[in-house]
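Spelled out from the first residue to the last, the chains are:
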Amino acid sequence: MPIIEQVTIRNFGPITNATVGLSRLHALIGPNDSGKSMTLRAISHFFDSWMHRPTPQRLNVTQPSLRLQFDTGQSAEWSCDGQLADRFEPGPSTDPKFIEAFDAGGSVLRFDPDSLRAETPLIEDQAPLWFSDIHGRGLGALIDAIQARSQRDRDALTAHVRSVFPLVDEFRLFTKEQRRSVGVRLTDGTEVPAEHMSEGLLYFLGFAVLRFLRPIHFVAIEEPENGLHPARIAEIVRVLRALSQTTQVLLTTHSPLVINELQPHEVTLVTRTAEHGTTFTRMDRTPSFANRTTAFSLGELWLAYADGVSEEALLNPARR
Amino acid sequence: MLRAYLCGEGKHDMGRWALSRRDDTAVGDGVLGTLARRVKPTGWEVANGCQWKRLTSLRVGKGEPPLAAKLRQLEQLATDSDCQAVLFGFDVDNRPERAKALADALTARAPDGLRMAGAAVDPCIEGWVLELRGERPARGWTKAGAQRRVAELGLDFTAAMEAVVADWNGQREGLSAGLTSWLVDAEWALSE
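Conventions used here
- Residues numbered from 1 in each chain as written.
- Chains lettered and ligands numbered in written order.
- Predicted model: local features only at pLDDT ≥ 70, side-chain atom pairs only at ≥ 80, totals over all residues.
- Heavy atoms only, no water.
- Salt bridge = Lys/Arg side-chain N within 4 Å of Asp/Glu carboxyl O.
- Helix = DSSP H or I, 4+ residues; strand = E, 2+ residues; numbered from the N terminus.
- Buried < 20%, exposed > 50% of the residue type's maximum accessible area, 1.4 Å probe, protein only.
- Pairing = 2+ DSSP bridges.
- Axes fitted to C-alpha atoms, helices over the stretch in contact; angles between N-to-C directions.
- Contact = heavy atoms within 4.5 Å.
- Polar contact = N/O pair within 3.5 Å; in protein donor to acceptor, adjacent residues only side chain to side chain.
- Core = buried A, V, L, I, M, F, W, Y, C linked by side-chain atoms within 4.5 Å.
- Buried area = accessible area lost by both parts, 1.4 Å probe.
- Phe/Tyr/Trp six-rings, centres within 6.5 Å; stacked < 30°, edge-to-face > 60°.
- Lys NZ or Arg CZ within 6 Å of the ring centre and 35° of its normal.
- 1 Å grid on protein atoms, 1.4 Å probe; cavity = no way out; pocket = protein on both sides within 12 Å on 5 of 7 lines; lining within 4 Å.
- Points joined across faces, edges and corners; volume = space filled by probe spheres on them.
- Arc of directions from axis to C-beta.

> Looking at this model, I keep getting lost on the pattern of salt bridges. Mind explaining?
Should their charged atoms come close, side chains of opposite charge can pair. Residues and elements named next belong to chain A. Under the criterion given, the structure shown has 25 salt bridges over all chains. Here D114 ties to R117 by a salt bridge, and the two come within 3.8 Å at their closest N and O atoms. Taken together, the residues span about one helical turn, with D114 and R117 both in helix α3 (residues 113-117) at a distance of 3 residues. A salt bridge links E266 to R241; the shortest N-O distance between them is 2.9 Å. Here E266, found in the loop between α8 (256-260) and β16 (267-273), pairs with R241, found in helix α7 (residues 230-243); they are 25 residues apart in sequence, far enough to count as distant. Note on E266: relative accessible area 6%, which makes it buried.

Laid out in structure tokens, this is it:
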């Protein structure tokens, strides 16, 4: 799987012209309204456009363009003349054969508990497994399909959930008019339907099923820490790191605990000024990084230096 | 001019250095900054500062004790600001184990680190303010007792506490061991 090593984005919301380097598992951090989510949307829009999927959210942007550089040395360019429509057009330098590698597609996930709880139609045999929308709708049907298709996957998923939530014994899927919703049976025999499941368990299940779904090229996940106990966050990052062996994973996060689980080259600080728009700075390329990380872990560094506005102290060299 | 970095629990300890840049309503350096000025009037300035709560150890159980980690963070922040000395106070809040933890963390510091004047403030900065006025019960103040007494005296705002320090007669006799050692350390840390 070719990895997107670098993305240059032009004219996407606050991003006038900026380049971000990525790794297999990568997190964008920074103040609110700095352009993190727009970066995810720009990249995922490329995949939507390539897969001929309608764009989930029509973006009010003019003459946007995107250039992707891969670890294979190849690159691909897309641009759009005028208002962004449903489709990017490949640039002249893009090798059509190379583009075929992206038929696996990409997706954005921004889980919310109501969608994860929702009843959704059963998935047909052989149909590719993925969520019905970016909010995690279809979780019950996905678990149903995973269980039906592979005993090994069924056992692995159940064992994983039990290891993190020891009170859970097994999945209990609820059916109503050919629609499935997820539930669990506890070790004391209590059956817990979706509407009574904790948000933390629902979020965890959303991430835990990812490795059993149709392999895709790229997944962008917004704020994976939502709803999770701090002690569970390391486990979620472990799940995402395992997933990143087959699917490139890009996160946005506001949690120092998430970036504490990442390597310095896997974290990029996103900032925005009126003059330059959005800019990207990899954490290990911020000033005095080597000295500062003798005293601070990545998450601690962010907490101690960031101000939530310009992150000036993090980006400016030390006085001496 | 020697540059000092200030760290404390809040506005009373460290004045304007406890506030964000956008709420710079205080002008003084708090009780700690004013106290240091009493033992070393010239030749130094407070260049920067932060509150203890900004120093966060997210690695509890994974290595060194949290307070030792925070002292290293404090030293790094001071170094970033090109400071040669650190002045700090750490509230004990009537918990002797906090004083012991601080003593252990200070002992564990690298010998070639920045000059650091730091002490366990027992029980909180209001207790030190009352000591400087000559008020110290035989068994010391409780945190609530010190805060209540300061309020009774109409001294429960930063500028009033700084004024108490400025008016202190300089006599160290009768002061608690923590305050006395802090004054000695501050004089040393701010010396050329």
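So, next bit.
> I keep staring at the sheet that holds strand β3 (residues 85-91) of chain B and nothing clicks. Help me out?
Each strand in a sheet pairs with another by means of backbone hydrogen bonds, the pair being arranged parallel or else antiparallel. All names here are of chain B. Taken in spatial order, the 4 strands make up an open sheet running β2-β1-β3-β4, and their pairing is parallel. The open sheet has two edge strands, β2 (44-51) and β4 (115-121), and neither has a second partner. Averaged over all adjacent pairs, the angle separating strand axes in this sheet is 20°, with direction ignored. When strand β1 (residues 2-8) meets β2, the two strands line up parallel, connected through 7 bridges. When the sheet's bridge partners are listed, C7 is paired in β2 with C50. Docked against the sheet, helix α8 (residues 177-189) engages β1, β3 and β4, running at close to 165° with respect to β4.

> Teacher, can you tell me more about the side chain of S107(A) here?
Residue and element names in this part refer to chain A. Secondary-structure assignment places S107 in strand β7 (residues 106-109). By relative accessible area, which is 12% here, S107 ends up buried. Here W130 takes part through its side chain, which lies 3.2 Å from a polar atom of the side chain of S107.

> Help me out: how do you make sense of the nonpolar core in this one?
Note on soluble globular proteins: their nonpolar side chains tend to be buried together. Of all hydrophobic cores here, the largest spans 86 residues; its most connected members are F131(A), L210(A), L240(A), L74(B) and F88(B). With residues near it in sequence (within four places) discarded, L240(A) still touches L25(A), F207(A), L210(A), I221(A), P224(A), V249(A) and L251(A). Core analysis: the next-biggest nonpolar cluster, separate from the first, contains 40 residues, I125(B), L132(B), V164(B) and W168(B) among them.

> Quick question: what am I supposed to make of the interface of chain A and chain B here?
Accessible area lost upon the coming together of the parts is a frequently used measure of interface size. Counting residues at the interface gives 23 residues for chain A, matched by 18 residues for chain B. Together, the buried faces of chain A and chain B total about 1,700 Å²; carbon and sulfur atoms form 46% of this surface. Counting across the interface, chain A meets chain B through 1 salt bridge. Notably, a salt bridge pairs D80(B) with R292(A), separated by 2.6 Å at the nearest N-O pair. Joining chain A to chain B, the criterion identifies 6 residue pairs in polar contact (both at pLDDT 80 or more).

> I keep staring at the packing of aromatic side chains and nothing clicks. Help me out?
Here the distance between the centres and the angle between the planes together describe a pair of aromatic rings. Residue and element names in this part refer to chain A. If you walk through the whole model with that rule in mind, you get 8 aromatic pairs over all chains. Taken together, the ring pairs connect F111, W130, F131 and F207 into an aromatic cluster. Lying across the ring of F165, R232 places its NZ or CZ 4.4 Å from the centre.

> Hey, could you run me through empty space enclosed by the protein in this one?
The gaps of empty space that remain are located by a probe, the size of a water molecule, rolled over the atoms. All names here are of chain A. Taken as a whole and assessed by the stated rule, the structure comprises 1 cavity of 30 Å³ or more. One number sums up the size of the largest cavity: a volume of about 40 Å³. Taken together, L109, R110, F111, Y203, F207, I221, E222, E223, P224 and N226 make up the full set of residues lining the largest cavity. Elements that contribute at least two residues to the lining of the largest cavity include exactly α6 (199-208) and β14 (218-222).

> When you look at helix α10 (residues 298-305) of chain A in this model, what are you seeing that I'm missing?
Spacing of three or four residues puts side chains on the same side of an α-helix, whose turn is 3.6 residues. The buried fraction of α10(A) is high, at 7 of 8 residues. Residues of α10(A) that are buried include every one of L298(A), G299(A), E300(A), L301(A), W302(A), A304(A) and Y305(A), and no others.

> Can you help me understand helix α6 (residues 143-152) of chain B in this one?
Residue and element names in this part refer to chain B. What α6 keeps buried is the set G145, A146 and V150. Down the axis, α6 shows its buried residues gathered within 130° of arc, on one side only. Turned more than 90 degrees away from the buried face of α6 sit R148 and E152, all of them exposed. Where α6 is buried, its residues contact α5 (125-132) and α7 (158-167). Following α6 by one or two positions, G154 adopts a phi angle in the positive range, close to 70°.

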